[in-house]
Amino acid sequence: MEDIVVLNILVLGGIALAAAVVLYFVSQKFAVADNPKVAAVEECLPQANCGGCGKAGCHDFANACAQADEAAFAGLYCPVGGSKVMQQIASVLGFAAVEKAPTVSVLRCNGTCENAPAKVCYDGVSSCRIAARISSGQTGCPDGCLRLGDCVKVCKFDALHIDPVTGIPVVDRDKCTSCGACVNICPRHLFEIRPVAADGSQVYVACRNTQKGAVARKNCSAACIACLKCTKINPEVKVENNLSYIPDTVDPREFGEALASACPTGAIIYQRGTASKETPDD
Amino acid sequence: MTKLKTFSIGGIHPDKYKITTDSPIQDAGLPETVYIPVKQHIGAPAKILVQKGDKVKVGTHIADADGIVSADVFSSVSGEVIKVEAVEGEFGYHEDMITIRVEGDEWEPSIDRSPGIVRDIPYTPEQIVAKIREAGIVGMGGAGYPTPIKTAVPTDKKVDTLILNGIECEPFLTADDRLMVEKAEQIIIGSKIINKVLGIQNAIIAVDENKPRAIAALSKLTKRYVGVNVQACATKYPQGGEKQLITAITGREVPSGKLPADAGCLVQNVGTVYAIYEAVLKNKPLFERIVTVSGDCCKHPGNFLVRVGTPASFLIEKCGGLCDETAQVLFGGPMMGTSAFNINAPVTKLTSGILLLSDAMTHKELGTDCIRCGKCAEVCPIGLQPFLIGRLVRENMFEETRGCHVSDCIECGCCAYTCPARLPLLDFCKLAKSELKRKK
Amino acid sequence: MLKISTAPHLTTSRTTPVIMRDVVIALIPAMIAAVLFFGLNALLVIATSVAACVMFEYLFSRYVFKTGNTSGDWSAVITGLLLAYNLPSSMPVLMIFIGAFMAIVVAKLCYGGLGKNLFNPALVGRVFLFISFPVQMTHWPRPEFMNLLASDAQTGATTLGILKHLDAQTSATALTAGQHSLQEIPGYWQMFVGNTGGCLGEVSALALLLGLAYMLWRRVITWHIPFYYISTVFVLTAVLYLATGDVRYEPVTHLLSGGLMLGAIFMATDYTTSPMTKNGQILFAVGCGALTVIIRLYSAYPEGVSFAILIMNAFVPLIDKYARPRFYGQGGK
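First things first, this report covers the structure right here in the doc.

## Focus: the packing of helix α13 (residues 278–298) of chain C against helix α14 (residues 305–322) of chain C
All names here are of chain C. Packing of α13 against α14 brings their axes to within 8 Å, and their N-to-C directions diverge by 150°. The hand of the α13/α14 crossing is right-handed. Side by side, α13 and α14 meet where Gly 280, Leu 283, Phe 284, Gly 287, Cys 288, Leu 291, Thr 292, Ile 295 and Arg 296 of the first sit next to Val 305, Phe 307, Ala 308, Ile 309, Ile 311, Met 312, Asn 313, Val 316 and Ile 319 of the second. Looking at the contact of α13 with α14, its residues break down into 13 nonpolar, four polar and one charged.

See the structure below:
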């Protein structure tokens, strides 16, 4: 009996010792030298790991920040945390903060069920990227929203929902962090990250159809028909390829209302200022 | 006749529905207007040579191949060009097309319209390839790869076997079947033309055993043409796939990412071979083809000789029109074909069939989750694991699908056909393929 | 309005519920055999088990896990049947409910439901009962052919139980308590039709083979797993038998007794908990067979099928990772 006890102690102890030695060497060999700055930066980050900054998650971003010099740091930006977080990181690293206007994702399509009625019925898997491969979509507009919600599925912040009445996704501006996931996933490239004015107002062309006006109107009553009326309100508005585009430089507080009311089809959308998004003033 | 041949990995047996196998090829007639797309092939769209208002004849060269991987386009009717701009195509996207209003039926005088069969081939291989190129011939089985490039095998590769693909494994379609029955001798002469280019003497015509009439018609002639053999194959989908057919006939496998020529084979669809015969010996460019109009909602199904550019709706009307039950109009077969957004879209060089299908036949109610039955891997003719690819794609892990060899997928649809959970496995594979291509 | 959809436009009619229903049909012969040999008690156990499984599936998938109601796809019926087939006919009803709860809720729905569970639910239920209630689970009523009202008071041992406790030295003379003699082992024919002690569904190899034939005909499963599983057991025991001449290794008895047929035909072939590729399935089946033999011959338990399959279930993700199908154009000329 004694022998068995001793044997057990020896065998198990031996295994434990061998495992400890292996663990020791492995941890030596694969040790990661961690910059203390990385941990400090990481603490400031939102930890959403959304990839909106262009890096593979928050840790990667913190690494990049810690290694960056002043100039390189200016090129780094966490869209989710916004200016506030960047300010914190800057103070940790001892750099000057980068100031960027808050942004939000907008859907550049107004092809609602009413504006662009379905011409065929899509009977397949609920994925825009798959549906875009087999047709121009139910509405016939080759650049319009497919209404199947790939963007909703990819949004990590619950900021996108398909409106049951209009059929197209709606951005919840309070929740949107402009991480850019929707921009990347949409097969029609309908999302754009656009700055929000100080009072929260925004103006943009909700259409990406480059067909001629008459053709575009056949599929969607809210299509941009390149009538050039918007360019008369503000000459900075550009019309190219039968499609109007309002650059960021056009101040929505000043021109938003006028642009939206000038558009005959309703392709220009003006979001009235509700000061919902955190503004640089606060 | 020897034992039926077939490929060893995977494959399925869908219902055949070959309802038009006994209907002779009829002339579809001329529509009022034809819409001829400038891109009916893989590669660059052809450059348009005509302008609005130009008068064209049947066989007039109206668009020129842009580069090597491209193909010429010919007018299929005589009349006046009324529009040279983008028109809504099959998928609802606008594509560049030449719209011609039909006036009479005047053919280019160079085309030999006599009914006799020409049997002499007085051309050199180079002349033959040039003639094929000048006729705008592309692979008519559906891939649309320009035939002259495929036929002119690079000198560093040795092709010893010519296979004529008369399999037509898609349900419903009988265009190739009828062509083999009615134009057997022309097809065999066509194979001799390709033989001359390749510098070999033999050709194997692969036909699946559910086409006894085609096998009989061809076998009767093989006595007179030395080197041509008819090989009956077991009926199994996707036997008509190039890789599968090579394996079935020769036992060789085309290495991953390589061409059939690397396995010493050249596969040509019988429709393409017929077009080669007409181009080389009858001076007739490719502007018409056989189209099967069929489906469970088609009142008068049949096989038609159709001019390229004829709107599908013209053929549908000819066959009794759409009925209440028609839920889908397909271009091509039900396994690999596409469902039409716009039924006024034209028939192209690649349209082998137009199918009118009911909701009952095509409805895919969404299924359960994957039950891990492994049937998709069992039927995949390439030996892929579609369930794995599907799982990765659902998580947007496209880079990882590279390790699953998804780029070797031939998009036959066996996996999605057989999935008891009705998962869109083929869609996942296609998505992964295009994402990988985009990233490369 | 026309419909557009992605290719392929035709799909098989053999959807998940159809396949599951086919499995249920394949299990019916074994049910008939169970009732013939164990009377109406067997029917009671089966009915309780199926009802409990479907009820748990319905309640928990709908109200607790909120995965949507999946009780309509017949998979819970299969679990219920298989669980019942792994119980003796004298099993108390309350315990069957506990087994069904373990099978459906713990082993299946907790993992995410159909297609996501790692272990075969029916086997988890059985093994849980086996460990928790060893007395009831090893109380084997004597089979009485065509006696529907057979009481379960008369008990006997299973063939494997007899083999396990076979006292070779004393078999000719007086038996010590708990030891059995060779004469108790039923003949091959009796074991084949099912006139032997054991769990409800496992006794009749004939009924199970009928089920196998139906599943093969309907292409629900392929022959690989049952064949490799059963032949591994047969070959290993035959080798041992020939080498030692010990009657405990007698291969045909091993083939026909215990849960081998039931396990190899219905449990190891469960889609979800078996490998997805052919070569993986062969590896899995051989592993099951080897483990079954090891447990049967060298452990304290007389029967090892359930443990063998559960252990191999745990290896399935690993097998799936490495057992890839042959890939076109990879090896060919």
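## Overview of the packing of aromatic side chains
All names here are of chain C. Tallying each qualifying case throughout the model produces 18 aromatic pairs over all chains. Ring centres 6.3 Å apart and planes at 65° place the aromatic pair Phe 130 and Phe 307 in the edge-to-face group. Here Phe 130, found in helix α5 (residues 121–132), pairs with Phe 307, found in helix α14; they are 177 residues apart in sequence, far enough to count as distant. Exposure remark for Phe 130: the relative accessible area of 12% places this residue in the buried category. The class for Phe 307 is buried, based on a relative accessible area of 19%. Considering the side-chain rings of Trp 223 and Tyr 228, the 6.1 Å spacing of their centres and the 25° angle between planes classify their relative orientation as stacked. By the ring-pair criterion, three or more aromatic residues cluster together here, those being Phe 56, Phe 60, Phe 65, Phe 97 and Phe 101.

## Concerning the nonpolar core
Counting residues in each nonpolar core, the largest one holds 90 residues, and the members touching the most others are A:Tyr122, B:Ile163, B:Leu315, B:Val329, B:Ile354 and B:Ile389. Sort the elements by how many residues they give to this core and helix α14 (residues 425–439) of chain B lands first, with seven residues. B:Ile354 has contacts with B:Val291, B:Thr292, B:Val293, B:Ser294, B:Ala312, B:Leu315, B:Ile316, B:Val329, B:Leu330 and B:Val347, leaving out every residue within four places of it along the chain. Among the nonpolar cores identified, the runner-up in size contains 88 residues, and C:Ala26, C:Ala52, C:Val127 and C:Ala323 belong to it.

## Thoughts on the pairing of strand β13 (residues 288–294) of chain B
All names here are of chain B. Across the seven residues of β13, seven count as buried, placing the element largely inside the fold. As judged from the six bridges shared by β13 and strand β14 (residues 302–307), these two strands associate in the antiparallel manner. Pairing of Glu 288 across the sheet is with Arg 307, part of β14.

## Quick look at the interface of chain B and chain C
Counting from both sides, the interface comprises 61 residues of chain B and, opposite them, 42 residues of chain C. Between the two partners, chain B and chain C, sit five salt bridges. Among the ionic pairs, C:Asp320 bridges to B:Arg372, the shortest N-O distance being 2.9 Å. Along the contact surface separating chain B from chain C lie 26 residue pairs in polar contact (both at pLDDT 80 or more). Contributions of two or more residues to the side of chain B that touches chain C are made by α6 (242–250), β15 (326–331), β16 (338–339), α9 (359–362), α10 (375–379), α11 (386–394), α13 (414–418) and α14 of chain B. Ranked by the residues each element gives to the side of chain B that touches chain C, the list is headed by β15(B), at five residues. Residues that form the side of chain B that touches chain C fall into these classes: 29 nonpolar, 19 polar and 13 charged.

Cut-off values and rules
- Residues numbered from 1 in each chain as written.
- Chains lettered and ligands numbered in written order.
- Predicted model: local features only at pLDDT ≥ 70, side-chain atom pairs only at ≥ 80, totals over all residues.
- Heavy atoms only, no water.
- Axes fitted to C-alpha atoms, helices over the stretch in contact; angles between N-to-C directions.
- Helix = DSSP H or I, 4+ residues; strand = E, 2+ residues; numbered from the N terminus.
- Left-handed = near helix turned anticlockwise from the far one by under 90°.
- Contact = heavy atoms within 4.5 Å.
- Nonpolar A, V, L, I, M, F, W, Y, C, P; charged D, E, K, R; others polar.
- Phe/Tyr/Trp six-rings, centres within 6.5 Å; stacked < 30°, edge-to-face > 60°.
- Buried < 20%, exposed > 50% of the residue type's maximum accessible area, 1.4 Å probe, protein only.
- Core = buried A, V, L, I, M, F, W, Y, C linked by side-chain atoms within 4.5 Å.
- Pairing = 2+ DSSP bridges.
- Salt bridge = Lys/Arg side-chain N within 4 Å of Asp/Glu carboxyl O.
- Polar contact = N/O pair within 3.5 Å; in protein donor to acceptor, adjacent residues only side chain to side chain.

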